[in-house]
Amino acid sequence: MREHEAARDWIRSDETAKQMLSRVLGDRAFLLLPPLHRVPLRAGNVVEITGSSPTAKTQILIQAAIACILPKTWNGVHYGGLEKLVLFLDLDCRFDVMRLSDMLKHRLLEANRIGNGAWWQLEESSGVKNCRGAQDKSKSKSKIVYDEELYVSCMKRFLYLRCYDSLELLSSLKTLHYRIRLQEACGSQVGVLMIDSIGAFHWTDRLSSSLALDKNNRKSLSLTNVVETIVQEMKKLMRVHSLVVIATKATIYEEKYPTNENNRKLSSNNDKAQQPPFREFMPSSWQAFVTHKIFIRKSGDHHQSSGQQSLSAYSLEWLQPQLSSIDRFIVDDVSKLDPFK
Amino acid sequence: MAPLKHLEMENPIIDASFRDFCSSHGILTVEDFLIHDLYELAAFAERQVDADRLKEGITVMLSLLEVKCRPLLNGMELLEDLQRNKHTLSSGDNGTDSLLQGGLREGQVTELVGPSSSGKTQFCMQAAASVAEKQEGSVFYIDTGNSFSARRIAQFICGSSAAAALQKRVLSRISCHTVYDIYTMFDTLQGLEVALRSQEQMNVNECRLRLLIVDSISSLITPILGGSGSQGRALMVALGYLLKKLAHEHNIAVLVTNHTVGAGENGKTKPALGETWKSIPHVRLMLSRDNRNNICTISILKHTSMLSGQTVTRKDNQQCL
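Cut-offs used in this document
- Residues numbered from 1 in each chain as written.
- Chains lettered and ligands numbered in written order.
- Predicted model: local features only at pLDDT ≥ 70, side-chain atom pairs only at ≥ 80, totals over all residues.
- Heavy atoms only, no water.
- Helix = DSSP H or I, 4+ residues; strand = E, 2+ residues; numbered from the N terminus.
- Buried < 20%, exposed > 50% of the residue type's maximum accessible area, 1.4 Å probe, protein only.
- Contact = heavy atoms within 4.5 Å.
- Areas by Shrake-Rupley, 256 points an atom, 1.4 Å probe, with all protein chains shown as cover.
- Buried area = accessible area lost by both parts, 1.4 Å probe.
- Salt bridge = Lys/Arg side-chain N within 4 Å of Asp/Glu carboxyl O.
- Polar contact = N/O pair within 3.5 Å; in protein donor to acceptor, adjacent residues only side chain to side chain.
- Nonpolar A, V, L, I, M, F, W, Y, C, P; charged D, E, K, R; others polar.
- Axes fitted to C-alpha atoms, helices over the stretch in contact; angles between N-to-C directions.
- Parallel < 35°, antiparallel > 145°, perpendicular 65-115°, else oblique.
- 1 Å grid on protein atoms, 1.4 Å probe; cavity = no way out; pocket = protein on both sides within 12 Å on 5 of 7 lines; lining within 4 Å.
- Points joined across faces, edges and corners; volume = space filled by probe spheres on them.
- pLDDT = per-residue confidence, 0-100.
- Phe/Tyr/Trp six-rings, centres within 6.5 Å; stacked < 30°, edge-to-face > 60°.
- Lys NZ or Arg CZ within 6 Å of the ring centre and 35° of its normal.
- Arc of directions from axis to C-beta.
- Pairing = 2+ DSSP bridges.

### Topic: the overall build of chain A
Scanning chain A for helices and strands turns up 12 helices and 11 strands. Considering chain A as a whole, with its 341 residues, one finds that 52% of them fall into the buried category. The long-range share in chain A, meaning contacts at least 24 apart out of those at least 6 apart in sequence, stands at 70%. Roughly 16600 Å² of accessible area belongs to chain A as shown, and the carbon and sulfur atoms make up 52% of that amount.

### Re the interface of chain A and chain B
Residue-level contacts link 64 residues of chain A with 59 residues of chain B. Between chain A and chain B, roughly 5600 Å² of surface is buried when both sides are summed, and carbon and sulfur atoms account for 61% of that area. If you sort the residues of chain A by the area they bury against chain B, A:R94, A:Y164 and A:W203 come out on top, with a joint share of 14%. The tally of links between chain A and chain B comes to 3 salt bridges. The tally of links between chain A and chain B comes to 20 residue pairs in polar contact (both at pLDDT 80 or more). Elements represented by at least two residues in the side of chain A that touches chain B include exactly α4 (97-116), α7 (148-156), β5 (158-162), α8 (166-184), α9 (202-210), α10 (223-240) and β9 (310-320) of chain A. No other element matches the 10 residues that α8(A) contributes to the side of chain A that touches chain B. For the side of chain A that touches chain B, the residue count by class is 30 nonpolar, 15 polar and 19 charged.

### With respect to the pattern of salt bridges
What the rule picks out here adds up to 21 salt bridges over all chains. A:R38 is the partner of A:D327 in a salt bridge, and the nearest nitrogen-oxygen pair spans 2.6 Å. One end of the pair, A:D327, is in strand β10 (residues 322-331); the other, A:R38, is in the loop between α2 (17-26) and β1 (46-51), and 289 residues separate them in sequence. Owing to a relative accessible area of 39%, A:R38 belongs among the partly exposed residues under this scheme. Here B:E193 makes a salt bridge to B:R197, at a shortest N to O gap of 3.3 Å. Here B:R197 and B:E193 lie together in helix α10 (residues 182-201), a separation of 4 residues that amounts to about one turn. Salt bridges linked by common partners bring A:K174, A:E233, A:K236 and B:D37 together as one network.

### Some points on the packing of helix α1 (residues 16-24) of chain B against helix α4 (residues 51-68) of chain B
Residues and elements named next belong to chain B. Direction vectors running N to C along α1 and α4 enclose 80°, while the axes themselves pass 10 Å from each other. One way to sum up the angle between α1 and α4 is to call them roughly perpendicular. Note on element contacts: α4 touches α1 through L54, G57, I58 and M61, opposite S17, F18 and F21. When the residues that make up the contact of α1 with α4 are grouped by side-chain class, the tally is 5 nonpolar, 2 polar and no charged.

### Considerations on empty space enclosed by the protein
In total, this model carries 6 cavities of 30 Å³ or more according to the counting rule given. Each pocket or cavity is described by its volume, and for the largest cavity that value is around 400 Å³. The wall of the largest cavity is formed by 29 residues, among which A:P54, A:A56, A:R99, B:K302 and B:H303 lie closest to the centre. Counting only elements with at least two residues in the lining of the largest cavity, the list comes to α3 (57-69), β7 (244-250) and β9 of chain A together with β12 (295-302) of chain B. In terms of residue class, the lining of the largest cavity is built from 10 nonpolar, 12 polar and 7 charged.

### Quick look at the side chain of B:R152
Relative to the elements of secondary structure, B:R152 occurs in helix α8 (residues 150-156). Side-chain polar atoms of B:R152 contact the side chain of B:Q122, separated by 2.5 Å.

### Overview of the environment of B:V256
Residue and element names in this part refer to chain B. Following the sequence through the fold, V256 ends up in strand β8 (residues 253-258). Placed 43 residues apart in sequence, V256 and I213 show a C-alpha to C-alpha distance of 5.8 Å. Filtering out sequence-adjacent residues up to four positions away, V256 remains in contact with V109, T110, E111, L112, V214, I217, L243 and W277.

### Description of the confidence of the model for chain B
Of the residues in chain B, 95% have a pLDDT of 70 or more, and the chain-wide mean is 88. In the predicted assembly, ipTM is 0.90 and pTM is 0.87.

### With respect to the packing of aromatic side chains
In total, this model carries 11 aromatic pairs over all chains according to the counting rule given. Aromatic side chains A:Y314 and A:F329 sit 5.7 Å apart centroid to centroid with 35° between the ring planes, which places their arrangement in the tilted category. Of this pair, A:Y314 sits in strand β9 while A:F329 sits in strand β10, and the two are 15 residues apart along the sequence. A:F329 carries the same exposure label as A:Y314, and that label is buried. A network of ring pairs unites the aromatic residues A:F88, A:F95, A:F158 and A:Y160 as a single cluster. A cation sits over an aromatic face here: A:R279 above A:Y253, 3.8 Å from the ring centre. The ring of B:Y241 is capped by B:K244, whose NZ or CZ atom sits 4.6 Å from the centre of that ring.

### Looking at the packing of α7(A) against helix α5 (residues 75-85) of chain B
The N-to-C vectors of α7(A) and α5(B) enclose an angle of 100°; their axes lie 6 Å apart at closest approach. The angle between α7(A) and α5(B) falls in the class roughly perpendicular. For the pair α7(A) and α5(B), the contacting residues are A:Y151, A:V152, A:M155 and A:K156 in the first and B:G75, B:M76 and B:L79 in the second. Of the residues assigned to the contact of α7(A) with α5(B), the class counts are 5 nonpolar, 1 polar and 1 charged.

### Quick look at α5(B)
Residues and elements named next belong to chain B. When α5 is considered as a whole, its buried residues turn out to be G75, L78, L79 and L82. Relative to the axis of α5, the buried residues are bounded by an arc of 100° and lie together on one face. Regarding α5, its N-cap is N74, as a side-chain oxygen of that residue lies 2.9 Å from the backbone nitrogen of M76 further along.

### Points about the environment of B:L100
Residue and element names in this part refer to chain B. Tracing the backbone shows L100 in the loop between α6 (94-99) and β3 (104-105). With 64 residues separating them along the chain, L100 and H36 place their C-alpha atoms 45 Å apart. Sequence-distant contacts of L100, defined by excluding residues within four places in its chain, comprise V283, L285, H303 and M306.

### Topic: the pairing of β5(A)
With 5 of 5 residues buried, β5(A) lies mostly within the body of the structure. Where burial is concerned, the two faces of β5(A) agree: the one with A:F158, A:Y160 and A:R162 and the one with A:L159 and A:L161 are both buried. Sheet topology note: the strand β4 (residues 85-90) of chain A/β5(A) ladder contains 5 bridges and is parallel. Note that in β5(A) the partner of A:L89 across the bridge is A:L161. Relative to strand β1 (residues 73-74) of chain B, β5(A) runs antiparallel, the two being bridged by 2 bridges. If you follow A:Y160 over to β1(B), its bridge partner there is B:L73.

Written as structure tokens, this is what we have:
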């Protein structure tokens, strides 16, 4: 009897054609907002964003997360999101949920303004939203303009996990599949897995490499083994969930190359050997896992003509696939990333 | 985490034969378990006589790991934790508080960077006085350079004319600990963590610890850095994470100070401790002082939710020292 059951289970179809079609269509490539707009991403891609701290890396992650948790449309207003879950693995342990909340509110207000055409008064409420003191005022004011229910449902699609060391990261990854399944039972699928930032435990892992007990071929907790297992676990996750992985990587060595990107462009044209503009420290198993590479550096201050306050400007370069264009962007006071020429 | 046999008491499935099977694959501890491919291990278990029992053991191990993991929180739960448990503490200086939109935030590590005699220690002592007086929280002050002065802190309490009883009460909330090397530092912090955990278990909420100050953290870390070895940097990162963990898990604001070093070529100074340390603090503040007119400038180098580059200046009252 049991064998019969097993055989029937085996023969039974995994999914119907309709389910498959919706899955395949759902897996289509999508474009993120600038500054990540140059290359379309699809499930299975692993994007690595490198830059020294601070170069707005977490900012870019949060912006991408918002694009993922927003619905496509809601009550007739177009938001252009993917309506999927985001899983944010915080290894730096300094994620600030206020920033996510502020940026999400700003996006909701902006979409409403464009959708309904008469939300000119929102400008000021989003302008003061950073001030704690004025927050209550802006909250009561903005209640009228964005949908609280939509806001809550978006925030609930953002899933967060923090890890204080590599062992916590490993045990989280090992049990993540079950926990994702529990979350997905509520409706949405996980779309993006974010890691901020991947090299966080580099030094402590390197130290444990030197402490390795080298007896009876026992696998040690060395840096290469740990990263290999991380990659392996992530590959397993990506086999069952259609995910895009976006990881940031803080440079841990001082930059020795000229900070001026023009110099660098010249030198990279001369020798095609493709030296990365930073010192690579991740083991080869991770480097082989990454499919897209982005490098960000600070490119001086951008002085706005109106105010005397200067904003930090950054330049972003695609290393893989290699693109010739360099995008420059600034982070303005409503925590938005604005491209400029 | 521990050798597997310590788990047998509560989980009889992890018995001698399961452990034998594991050790034949080089798995002796729970950590070993983490760096192995469990699917592969289950496939090996399949070939054994007692396959079902072994696979059950692997499942039990996985569920033990899951219990140890931190819960997956969604955005609303994070927001709730922030609003309920992570308050801002006044640093005692109005300019700085408005620059930081309220002051030092519980759960975060704030770093003060500045050259020698730019007012870092003064800032720390003022913050200690302010938190002990206005927020009625206790302060854990780690002094690494013998620069702590109870008399100076007393001056910060509502000016210097405060009633003796108030002064006494406020000062009793501040405990000073002298630490001269990083190993003692780990001891002190781990002791603190244990104490806090037992306090939380017994629900002692009276005058809870709200501010942890380390003045200065760079004098503990600098001596172990240098050279090409990774040991110094590993200790630095471990200390940083211990501080972040204390801050977040026990809702404490952590304030550390760092000195500056000359960058060489262009004569500019920059924070000490280098590139790796940059990813530790949530907030980095740069202090600088113009000695001619006693004007002190504080600027944001890095903030998790604010733009960097904003500054505030203040006239200093150093003369009362």
